[in-house]
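Residue strings, one per chain:
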Amino acid sequence: MHETSMRRILSTTAMLSVVFTLAGCEAPESKPITTMQHHTGPQPAAPEMASAEPAAAVTPVETKPAADSTPTAVVEAVSIPSPGAKERSAAALKVHPDDFLAHVAVLADDNLGGRGIGSRGIDQAAAYIAGQYALIGAQPGGDNGTYFQEFDVALGGKLTDEHNFAVDGISMPIARGTDYIPFGFSGGDSFDGEVAFVGYGIVNPEENHDDYAGIDVTDKVVLMLRREPPSWGGPGQTTRKATFRNKVYTAKEKGAAAVLIVNRHDDNVEDRLMRFRAQRSDFGIPSFHITQEMASALLAAGGSDAQASLQAAADEGQNVSRVLAGIRMSGDSGVQKSYTRERNVIGIIPGDGPLSHEFVVIGGHYDHLGKAPTSMMLRSDRSDNTPRIHNGADDNASGTAGIIESGRILAARRPLKRSVMLIAFTAEEVGLLGSKHYVENPTVPLEDTVAMINMDMIGRFDEDGQTLQVFGTKAAEEFETMIARHVSDAGMVLRGSESASGPSDHSPFYEKKIPSVHVFTGLHGDYHRPNDDVDKVNAEGGARVTDVVAAIAYDISERDDRVTYNEVKARAQVSGRRSGVVMGIMPGYADNNVGMAIDGVSSGGPAEKAGMQTGDVITRIGDAKIANIQDYMAALRNNKPGDVVKVTVRRGDSDVIIDVKLGGR
Ligand SMILES: [Zn+2]
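Residues numbered from 1 in each chain as written. Predicted model: local features only at pLDDT ≥ 70, side-chain atom pairs only at ≥ 80, totals over all residues. Heavy atoms only, no water.

Looking now at the coordination of the zinc ion. Protein coordination of the zinc ion is provided by His365 (NE2), Asp395 (OD), Asp456 (OD) and Asp456 (OD), with donor distances spanning 2.0 to 2.7 Å. Around the zinc ion, the four donor atoms sit at angles spanning 50 to 145 degrees, and that spread fits a shape best called irregular. Every donor residue of the zinc ion comes from the same chain, spaced as H-x29-D-x60-D. Highlighted residues: His365 in strand β14 (residues 359–365) and Asp456 in the loop between β18 (449–455) and β19 (467–471), separated in sequence by 91 residues. In this structure His365 comes out as buried when scored by relative accessible area, which is 0%. (Donors = N, O, S within 2.8 Å, 3.2 Å for Na, K, Ca; no water. Tetrahedral: all angles 85-135°; square planar, octahedral: opposite > 155°, others 65-115°. Helix = DSSP H or I, 4+ residues; strand = E, 2+ residues; numbered from the N terminus. Buried < 20%, exposed > 50% of the residue type's maximum accessible area, 1.4 Å probe, protein only.)

Right under this line is the structure:
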């Protein structure tokens, strides 16, 4: 019986144990969770939290208890003979839908628990992928001759039990949770420094504003006002300069030892300390929200004017920064982060000849949302608080199957001029962390990486329209014709988007000026829901899409010259099938429970023309309440280009209604 069909009937666990043996690693029983200073459970986000910061994920339901089982997969470099004519049968050069589906079935099986980071299931998935690489003859491309590139990912954290925090120079007693509270992104080591007041702590050349001009804050604890001068963003609006991320990173760049942020003085608003909110991000510097009462005590003791007058001067653009002489603070971040060791899974199909040092990357993420309450993953649906396995069959077991099968085809097409690198990324769902880690720590020189093809959600091919979405058709000068040819050769209809910057693993490569594309079969109602299951995957379509990807990769590999990087300004836009209208925004995470955040606005697009801004949160389109991307797509589906729709957005603390004239595709 054909090996693959034999493989198809093996049960998941049996399959996994076979594959672990193949990959030369132990079936993972568990994996260590390392801890360093921490935090408690997700809290509602403050508007300044850039939309890209999803609350810390729930601690994995099936954490990896302490026994260290890092797969020590030192797989011997298998020598793969160049296939003779015989092996190059038609079957070997095409993806069989059953093989495609077999991978999806293993990866999306309940046994793997939704492949959430920090879970045991994601390790099983990593070992399965490594085993498949070995089976198709790909060589280890990870650390130390293994298939794995390992790195730590913050899982979240909690407030430390033991916490140092002292102020010299004021008599007021200081207590955590009353006078100050660490931010969830607080990090870094202990600090000890003199306190300096730095206005809003912003450098904004457009406004000719620099709160760090004329003051050296090296090793100092900087105290700053929250947000920014109201004149910058307009009524109830703030610019990206006002985000915590921008202000805290600026202070860090200026050499500050710690950051204190106090609410702007506002007669009508009672001063309240923020609640502690667990966060995955670690800004790497101790950061605290403090009360106005504590700030006033520091300013007064430091011989400075009161906050209200300093604030008034700062709002007029004056630089009010000064050292508060004799006032010192010391302590630590007060937050304990927990980390999990995660892995990118990397295989190499070596090229032959003078161009074999150049690589075509075929990639996609293999992690998903794990086991969590739907209410955690879909803020529009708070009804279901029961942790459920998010199987992620389409997102992205399908793309992972595509990586393995396109690798098999390319291995069968050897000799190749250039080498092919297969990368299954981890931690995509929590901020593209796997692909970002790879481009910062490439296992082969990035300058030798000639292109990147990302498969993220290729399991729901649209049989009716036969359409295939490809983002990045202009990311290289040669791509548009090349991609169009291969898509039409496959009997499909290309729905191309020029830009390659978007919410998936091709983006970090494109940002490194590597021509990159994202192949995609479209969003659907099961996106990020527990019922993104195997039985809804279109295996036939997934196999065909993978054939297209393998053909494009082969084309790029066999060219005499490299494809030519091309910069495209406009940002890509994710759209549902068959909706003909364009608003020109990039949907993002909405972490304030009231809407769909805008992660990007396409320059020159309808939204920008109407005045919508990155960071806005769409709450209504016309009378339709918008709680997430599905609602957004549904609301637009009945519109046609040229229609003017009333869009309500939350901006800062207020609602803004904007008339948007929709564009066409
Ligand atoms: Zn995905």
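Once that is clear, we can look at the sheet that holds strand β6 (residues 191–197). Spatially, the seven strands line up as an open sheet ordered β4-β12-β6-β9-β10-β11-β5, and their pairing is mixed. Only two strands of the sheet have a single neighbouring strand rather than two, namely β4 (165–168) and β5 (180–182). The average undirected angle you get between the axes of adjacent strands in this sheet is 30 degrees. Bridging between β6 and strand β12 (residues 322–331) involves six bridges; their strand directions are antiparallel. Among the inter-strand pairings, Gly193 is bridged to a residue of β12, identified as Met329. Helix-sheet contacts for helix α7 (residues 292–301) involve β4, β5, β6, β9 (221–225), β10 (258–262), β11 (287–290) and β12, and the interaxial angle to β12 is about 125 degrees. (Pairing = 2+ DSSP bridges. Axes fitted to C-alpha atoms, helices over the stretch in contact; angles between N-to-C directions. Contact = heavy atoms within 4.5 Å.)

This next bit is on the pairing of β19. In terms of burial, β19 is largely enclosed, as five of its five residues are buried. Pairing analysis gives five bridges linking β19 to strand β20 (residues 493–497), with the strands arranged parallel. Within β20, the residue paired with Phe471 across the bridge is Ser497. Remark: the β19/helix α12 (residues 479–489)/β20 crossover connection has right-handed handedness. The pairing of β19 with strand β21 (residues 516–520) spans three bridges and is antiparallel. Paired with Gln469 across the strands is Phe520, a residue of β21. (Right-handed = clockwise from strand over helix to strand, strands pointing away.)

With that settled, consider the packing of helix α3 (residues 97–107) against helix α14 (residues 539–558). Where α3 contacts α14, the two axes come as close as 8 Å, and the packing angle between them is 105 degrees. In this view, α3 runs roughly perpendicular relative to α14, as classed from their interaxial angle. Residue-level contacts link Pro97, Phe100 and Leu101 of α3 to Ala539, Glu540, Gly542, Ala543 and Thr546 of α14. A class-by-class count of the residues in the contact of α3 with α14 yields five nonpolar, two polar and one charged. (Parallel < 35°, antiparallel > 145°, perpendicular 65-115°, else oblique. Nonpolar A, V, L, I, M, F, W, Y, C, P; charged D, E, K, R; others polar.)

Within the structure, the side chain of His365 is placed 3.3 Å from the side chain of Glu428, a separation counted as a polar contact. The residues touching His365, leaving out its near neighbours within four places in the chain, are Asp395, Asn396, Thr400, Phe425, Glu428, Glu429, Asp456 and Asp505. (Polar contact = N/O pair within 3.5 Å; in protein donor to acceptor, adjacent residues only side chain to side chain.)

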